[in-house]
Amino acid sequence: MARVIAILTGKEEILDQVEGDEGTVEMWSFWKNAENSGIQKGMLRIVISQLKNVLGKLTPELTLKIELSNEEKLNNLALHISDIHSEADVYKILE
């Protein structure tokens, strides 16, 4: 099952977490991690989409910085989207 989840999610590191010779794992934690990953990816897409709507387009550097941001910073961006008028505003929020 861990192999299937690793393939479906593209997270090969799941296989590193397999314990023992029989490959037993706690499946609940895998499902929870996959769910959290999906939520964060969805939030990332929404934030980037909203920023493109506000700013017109984003530089590749800013897009990468947003993509590397943690959940707290993405939430902060989402909460302050109406205060953003330039890329400089985005950088300030991400600091």
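Refer to the structure presented above.
Being a predicted model, the structure only gives us computed values, none of them experimental.

Conventions and cut-offs
Once a new chain begins, its residue numbering starts again from 1 and follows that chain's sequence as written. Under the rules for a predicted model, residues below a pLDDT of 70 receive no local features and side-chain atom pairs below 80 are neither given nor counted, while totals for whole chains, interfaces and linings still include all residues. By convention in this description, side-chain values take in all heavy atoms of the structure and omit both hydrogens and water. We define the nonpolar core as a collection of buried residues of types Ala, Val, Leu, Ile, Met, Phe, Trp, Tyr and Cys that are connected through side-chain atoms lying within 4.5 Å of one another. Three labels apply to residues, based on accessible area from a 1.4 Å probe with only protein chains included: buried if under 20% of the type maximum, exposed if over 50%, partly exposed otherwise in between. A run of H or I in DSSP becomes a helix once it reaches four residues, and a run of E becomes a strand once it reaches two; helices and strands are each numbered from the N terminus. We call two residues in contact when some of their heavy atoms are within 4.5 Å. The directions from the helix axis to the C-beta atoms form the arc being described.

**Structural notes on the nonpolar core**
With 13 residues, the main nonpolar core has Leu51, Ile66, Leu77 and Val90 as its most contacted residues. With 4 residues, the single largest contributor to this core is helix H3 (residues 27-55). Apart from the residues within four sequence positions on either side, Leu77 is in contact with Val47, Leu51, Ile66, Ile84, Val90, Ile93 and Leu94.

**Some words on helix H4 (residues 60-67)**
Of the positions making up H4, those classed as buried are Leu62, Thr63 and Ile66. Seen end-on, H4 carries its buried residues on one side only, within an arc spanning 100 degrees. Away from its buried face, by an angle of more than 90 degrees, H4 presents the exposed residues Pro60 and Glu61.

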